Amino acid sequence: MGRASSKEDAGALFHSLRSAYAATPVNLKIIDLYVGFAIFTALIQVVYMAVVGSFPFNSFLSGVLSCVGTTVLAVCLRIQVNRENKEFKDLPPERAFADFVLCNLVLHLVIMNFLG
Amino acid sequence: MATMPILPPMPVLDLVKSFKLKTKQQELLIRVSILCLVYILAFITRLFSVLRYESMIHEFDPYFNYRTTLYLTQNGFYDFWNWFDYESWYPLGRIVGGTLYPGLMVTAALIYRILHFLRFAVHIREVCVLTAPFFASNTTLVAYFFGKEIWDTGAGLVAAILIAVCPGYISRSVAGSYDNEGVAIFALLFTFYLFVKAVNTGSLAWSLASAFGYFYMVSAWGGYVFIINLIPLYVLVLLITGRYSMRLYVAYNCMYVLGMLLAMQIRFVGFQHVQSGEHMAAMGVFFLLQVFYFLDWVKHMLSDTKLFQAFLRITVTCAVAVGAIALGLGMLSGYISPWTGRFYSLLDPTYAKDHIPIIASVSEHQPTAWSSFMFDFHILLFLFPAGLYFCFKRLSDATIFIVMYGLTSMYFAGVMVRLILVATPAVCLISAIAVSATVKNLTVLLRSKNKGVQTGSTKGSSSSKAASKALLDQSQPFQKNGAIALLFGAFYLLSKYATHCTWVTSEAYSSPSIVLAARGAHGSRVIFDDYREAYFWLRQNTPPDAKVMSWWDYGYQITAMGNRTVIVDNNTWNNTHIATVGRAMSSYEDEAIEIMRSLDVDYVLVVFGGVTGYSSDDINKFLWMVRIGGGVFPVIKEPDYLVNGEYRVDKGAAPKMLNCLMYKLCYYRFGEMLTEYGKPPGYDRARGVEIGNKDIKLEHLEEAFTTSNWIVRIYKVKPPNNRW
């Protein structure tokens, strides 16, 4: 009984998550897609490092951290742009996007210096 | 018709009226003028030693910073960043570019370049001497803004004033103390202010600014580890107490990722942010935040709580398992290095004494006595708990932060004297809250209109506030007098604080340590400039490639002022090399000459205080040389130099003590010297005894130079005799 109900639970969980997610606005879904892409790139890099070794460690770190950095910044953008968040009600989305671009610029400049 | 009042002539009245500002502008004017005065005050209170002696660099470590800054301004940033110094730690050399924190040097060089661009032809030494007071002034400004963020503008102003004169900060930022802490405390407070602002506003721009503040702090001082551990701890506390919000997520994540990346650009720090145990807390909290907010998001999307509970269970167990496995693997395989001795000794204060004698021997690393707390903080010591009370009464994200900063830094200040410096900004801020809130309450009492006359007017014409005030006034008729008395008391305390701080600065923290002063027989001031005399003798009378052996305390000064190669210096990065020098100093002359020949030593420098009564000389430091040497070479045993556990230099001293190299070099020809009236020749004024071995003959060394007060003595190593 335990196993069947947990399977049903998992199925119900999956369905309700899916339906709730379908209701999010399109711009947020685009950001989520970008986040997914960045995480996927990070995973590829980690697998590659596991295969060939981590010798120029700074290069590996800069690659992985650029992916992690863009993920994190995109999630912050999503939080600030999401209209359901009361705290960011009076933050214009243009300002949020400008901050996002600025932080990404700094992030990638540092990455380029660190790449070696 | 009523008589018109006599008015002053119209133009004057117009003039006066035109100057009359609105209340808001008056308040702004008062605030700005107070801040300007505090800025100037913070600068000039640190200038005692420049006025009494001259504009010179103090102590030991600042001389290394000065030398590197000089190199930077002369050779440019690229050469500085890749500098390999062959003039210290002979024959090993030192990779200076990769083993220093460049923030201070780059800052001073930048100020120097700006001043030269504006056609002020100052010498780099003047810039170096005055860098610390300049940054202390900037710290007061940051303290004002931080206080404004935590509480209100009144607390900010009081915080600025308190930190401008607080002795705990002045001790390491006086003019001439060109050390990392002078800039680092500014960077520390600035980073904390920017982070608190980021958490309060949730803006990515402020988080980016705090990441840059953190980068500046990492470039300036090794104490940045405090920031990278306090901020995750703060995030954790907020998560646990349920005060988390989206702003916290934005602030911490942006600051952590960007800050970590920026910090890894400093060669000295390198990959420590991902490999060292001291930085793992930040990474752990980073991952915890991701999991936490992901769960929060899922909970928000799911309407059914039962499903969510199941999901929660699965995710939490997975996340905890993965995290524990990763951490365990990292620590067991040694990839994540454990806490280094320097920081481990903060958690376990007895660790250094048993395992790392070099750390234990530094006087600033000893635990703090109560008198040091009182000396450095004065009234802030009891205003601190009062401020904590006020903070707890009005808890917000910002006050929680300052409370945590205060408590953790006070703990560390109790462990090590040097860390009172880190606690000072927190103590000043919290005390400022207490002062500001108390004074505000008292003045509100004073300014409330006396409505004691309204006894029967309960018709509703008076507001409820006025009615309650009337009741209050009726119940305590002397309330106003009490408020006035308390205000006078507060004023008295604060003025006593200011007096104490100025006295402490003048008496205790303004000595250059390289120039000694004493009172002569008739009360006149006598200056001993022996150190610089000796270093300049070295500079002018020895061949340029001469190598000087001395105890590691004087290494930086010898390279900076004497411009000669040294064997060991204050960086103390190689314990075995220092132990070799310690062994040479504690051996008999025949064994020592072998060691000295193997190290190519040409000159030996010792510091001796027997003639002047100077007590920080090498004979008093000698036991540390024995301990450090004995830690690496078991042939040196500390009990050989003691008699019944007692350290003596007179006739009853141990024979090994009376014939070791250090003793001979310090007391050579001292047996004939009359130092004090009524005492026999060879009376050591620093130890207060007549020395035991007066008839000293040196076989392999000869005396090269002794300064005018016998404080520094330099000996030349004789080349080996010609063989028959």
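Residues numbered from 1 in each chain as written. Chains lettered and ligands numbered in written order. Predicted model: local features only at pLDDT ≥ 70, side-chain atom pairs only at ≥ 80, totals over all residues. Heavy atoms only, no water.

The name given to chain B in an unreviewed UniProt entry is dolichyl-diphosphooligosaccharide--protein glycotransferase, with Hibiscus trionum as the source organism. Per its UniProt entry, chain B bears the Pathway (unreviewed entry) comment "Protein modification; protein glycosylation." (UniProt positions renumbered as here; feature names shortened; annotations may be inferred.)

Under an unreviewed UniProt entry, the name given to chain A is Dolichyl-diphosphooligosaccharide--protein glycosyltransferase subunit DAD1, and the source organism is Hibiscus trionum. Check the Sequence similarities (unreviewed entry) section of the UniProt entry for chain A; it says "Belongs to the DAD/OST2 family." Per UniProt, chain A has the following entry under Pathway (unreviewed entry): "Protein modification; protein glycosylation."

As annotated by UniProt and renumbered to match this structure, "domain: STT3/PglB/AglB core" (unreviewed entry) occupies residues 547-605 of chain B. For residues 547-605 of chain B, the helix share is 51%, the strand share is 14%, and the end-to-end C-alpha distance is 11 Å. (Helix = DSSP H or I, 4+ residues; strand = E, 2+ residues; numbered from the N terminus.)

Before going further, it helps to spend a moment on unusual backbone geometry. For residues other than glycine, phi is negative in most cases, and the peptide bonds are mostly trans. Residues and elements named next belong to chain B. Cis geometry is found at the peptide bond from Y90 to P91, where omega equals 0 degrees. Relative to the helices and strands, P91 is located in the loop between β1 (84-85) and β2 (94-95). Despite not being glycine, T572 has its phi angle at roughly 45 degrees, a positive value. Relative to the helices and strands, T572 resides in the loop between β6 (565-566) and α27 (575-586). Classification of T572 as partly exposed rests on a relative accessible area of 24%. The backbone of R669 shows a phi angle near 65 degrees, a positive value even though the residue is not glycine. (Buried < 20%, exposed > 50% of the residue type's maximum accessible area, 1.4 Å probe, protein only.)

Let us now look at the environment of B:M416. Residue and element names in this part refer to chain B. The residue M416 is located in the loop between α21 (397-415) and α22 (420-447) in this model. A relative accessible area of 9% means that M416 is categorised as buried. Taking C-alpha positions, M416 is 7.5 Å from L346, a pair spaced 70 residues apart along the chain. Contacts of M416, omitting those with residues within four sequence positions, involve S345, L346, E364, H365, Q366, P367 and T368. (Contact = heavy atoms within 4.5 Å.)

Before going further, it helps to examine the environment of B:F294. Residue and element names in this part refer to chain B. Residue position: F294 is located in helix α14 (residues 280-301). Taking relative accessible area as the criterion, F294 reaches 38% and is therefore assigned partly exposed. Residues F294 and T315 lie 21 residues apart in sequence; the distance between their C-alpha atoms is 9.9 Å.

The subject of this paragraph is the interface of chain B and chain A. Contact with chain B, which involves 33 residues of that partner, is made by 35 residues of chain A. Carbon and sulfur atoms make up 80% of the surface buried where chain B meets chain A, a total of about 3000 Å² over both sides. Across the chain B-chain A interface, the total number found is 0 salt bridges. Across the chain B-chain A interface, the total number found is 4 residue pairs in polar contact (both at pLDDT 80 or more). Sort the elements by how many residues they give to the side of chain B that touches chain A and helix α12 (residues 246-263) of chain B lands first, with 11 residues. Within the side of chain B that touches chain A, the residues separate by chemical class into 24 nonpolar, 8 polar and 1 charged. (Buried area = accessible area lost by both parts, 1.4 Å probe. Salt bridge = Lys/Arg side-chain N within 4 Å of Asp/Glu carboxyl O. Polar contact = N/O pair within 3.5 Å; in protein donor to acceptor, adjacent residues only side chain to side chain. Nonpolar A, V, L, I, M, F, W, Y, C, P; charged D, E, K, R; others polar.)

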